[in-house]
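Observations on the three-dimensional arrangement
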Amino acid sequence: MSLIDKLDHNRLPCHIAVIMDGNGRWAKARGLSRGEGHREGVGAIRKVVEAASKASVQYLTLYAFSTENWSRPSEEVDGLMDLMVYAITRETADLKKNGVRIAYIGDMERLPENVCAALQECIRETAGGERLTLVLALSYSSKWEIAEATRKITSDVTKGIIQEKDINEDTISRYLTTRDLPDPDLLIRTGGEQRISNFLLWQCAYAEFYFTDTFWPDFGEEELYEAILNYQGRERRFGKISEQI
Ligand code: FPP
């Protein structure tokens, strides 16, 4: 029996964000190259996207490449960029067929031209998808995003577009790259580390965190449902007390 049958369909997380960690260690344990770990990681993405869609999750955000990842050895960075182009191009038709809309968050200016082109084509092609929004965080970091938002807010105050006295939490949310997305309900990190690594710091203010030792290439449908079940066992109080919920 699949764990999907145990899920409470009235209490599904609307938005799941994932820090996909452990590709390198997965490969090392098998005497393979880190690149092979990342290739296997793409297979896991496919499984998890299908599983999320099957469970009627509406938004899935994947941390595919952080701002800090630019400082990895250049062969690994180049290999990852090529892999993104390959995977995005190969999957576009299937994503479209399955109603998956691709969205992007991150610093597109730092991405190689071929990655931008593949991504923009995929975003255009899948724009009509209504089943699941798959957000790729690529060249993304939360501190970068908050600094960008601050710069734009300051500039709009100077131009008189907004007034300093009107700046509140909603204003800041509207200037982030995630402006069109609901905040994540559940943040999953694979690979055994228990940290947030500069990912969606503002947006995860009230997310439930789920850490698993499973390396990303081994994470699949049942592992996703296990994380959702764990989430459904928690009481989300948003600062209130039980009796108020
Ligand atoms: C973390 O594992 C994984 C990454 C930095 C890259 C993940 C990217 C992919 C799986 C490809 C994404 C493709 C598309 C189309 C979005 P790690 O290398 O940090 O593993 P380690 O901690 O074991 O070394």
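Preceding block: the structure.
Here the structure is a predicted model, which means the values were calculated and not measured.

**Regarding the site of the ligand**
Near the ligand, the surroundings consist of 19 residues, among which Asp-21, Gly-24, Arg-25, Arg-34 and Arg-72 are the closest. Note that an oxygen atom of the ligand is positioned 2.9 Å from one of the side-chain N or O atoms of Asp-21. Arg-25 places a main-chain nitrogen or oxygen 2.7 Å from an oxygen atom of the ligand. The fraction of the free accessible surface of the ligand (630 Å²) that becomes covered by protein chains is 91%. In this structure the site holding the ligand corresponds to the largest pocket. Elements supplying a minimum of two residues to the shell around the ligand: α1 (23-29), α2 (34-54) and α3 (74-97). The element best represented in the shell around the ligand is α2, accounting for 5 residues. Here the shell around the ligand is built from residues that sort into 9 nonpolar, 6 polar and 4 charged.

**Description of the environment of Arg-237**
The topology assignment puts Arg-237 in the segment after α7 (221-232). In this structure Arg-237 comes out as partly exposed when scored by relative accessible area, which is 38%. For Arg-237 and Ala-27, which are 210 residues apart along the polypeptide, the C-alpha to C-alpha distance reads 40 Å.

**What to know about empty space enclosed by the protein**
Scanning the model with the defined rule gives 1 cavity of 30 Å³ or more in all. Its boundaries defined by the atoms lining it, the largest cavity holds a volume of some 50 Å³. In this structure, the largest cavity is lined by His-15, Thr-61, Ile-105, Val-135, Thr-178, Leu-181, Pro-182, Asp-183, Pro-184, Leu-200 and Gln-203. Split into classes, the residues belonging to the lining of the largest cavity amount to 6 nonpolar, 4 polar and 1 charged.

**A word on the packing of α3 against helix α4 (residues 113-125)**
Orientation of α3 relative to α4, taken along the N-to-C sense of each, is 15°, at an axis distance of 9 Å. On the basis of their axis angle, the class for α3 and α4 is roughly parallel. For the pair α3 and α4, the crossing hand works out as left-handed. Residues Met-81, Asp-82, Val-85, Ile-88, Thr-89, Thr-92, Leu-95 and Lys-96 of α3 lie in contact with α4, whose contacting residues are Asn-114, Val-115, Ala-118, Leu-119, Cys-122 and Glu-125. Split into classes, the residues belonging to the contact of α3 with α4 amount to 8 nonpolar, 3 polar and 3 charged.

**Digging into α7**
Since the α-helix turns once every 3.6 residues, residues separated by three or four places project in the same direction. The end-to-end C-alpha distance of α7 is 17 Å, a good match for the 16 Å that 12 residues give at a rise of 1.5 Å each. Those residues of α7 that fall on the buried side of the exposure criterion are Leu-224, Tyr-225, Ala-227, Ile-228, Tyr-231 and Gln-232. Around the axis of α7, the buried residues are gathered within 155° of arc, so they sit on the same side. Check the buried side of α7 and you find it contacts β1 (15-19), α2, β5 (186-189) and β6 (208-211).

**As for α2**
The end-to-end C-alpha distance of α2 is 30 Å, a good match for the 30 Å that 21 residues give at a rise of 1.5 Å each. For α2, every residue scored as buried is listed here: Gly-37, His-38, Gly-41, Val-42, Ala-44, Val-48, Val-49, Ala-51, Ala-52 and Ser-53.

**Focus on the nonpolar core**
Residues Leu-60 and Leu-224 are the most contacted members of the largest nonpolar core, which totals 48 residues. Examining the composition of this core, we find that 7 residues originate from one element, α3, more than from any other. Here Leu-60 is in contact with His-15, Ile-16, Val-18, Val-48, Val-49, Ala-52, Leu-132, Thr-133, Leu-134 and Val-135, once residues within four sequence places are set aside. The next biggest cluster of nonpolar side chains, apart from the first, holds 15 residues, and it includes Tyr-59, Leu-187, Phe-199 and Ala-207.

The rules behind these values
Residues numbered from 1 in each chain as written. Predicted model: local features only at pLDDT ≥ 70, side-chain atom pairs only at ≥ 80, totals over all residues. Heavy atoms only, no water. Near = heavy atom within 4 Å. Polar contact = N/O pair within 3.5 Å; in protein donor to acceptor, adjacent residues only side chain to side chain. Areas by Shrake-Rupley, 256 points an atom, 1.4 Å probe, with all protein chains shown as cover. 1 Å grid on protein atoms, 1.4 Å probe; cavity = no way out; pocket = protein on both sides within 12 Å on 5 of 7 lines; lining within 4 Å. Sits in = over half its atoms within 2 Å of the grid points. Helix = DSSP H or I, 4+ residues; strand = E, 2+ residues; numbered from the N terminus. Nonpolar A, V, L, I, M, F, W, Y, C, P; charged D, E, K, R; others polar. Buried < 20%, exposed > 50% of the residue type's maximum accessible area, 1.4 Å probe, protein only. Points joined across faces, edges and corners; volume = space filled by probe spheres on them. Axes fitted to C-alpha atoms, helices over the stretch in contact; angles between N-to-C directions. Parallel < 35°, antiparallel > 145°, perpendicular 65-115°, else oblique. Left-handed = near helix turned anticlockwise from the far one by under 90°. Contact = heavy atoms within 4.5 Å. Expected span 1.5 Å × (residues − 1). Arc of directions from axis to C-beta. Core = buried A, V, L, I, M, F, W, Y, C linked by side-chain atoms within 4.5 Å.

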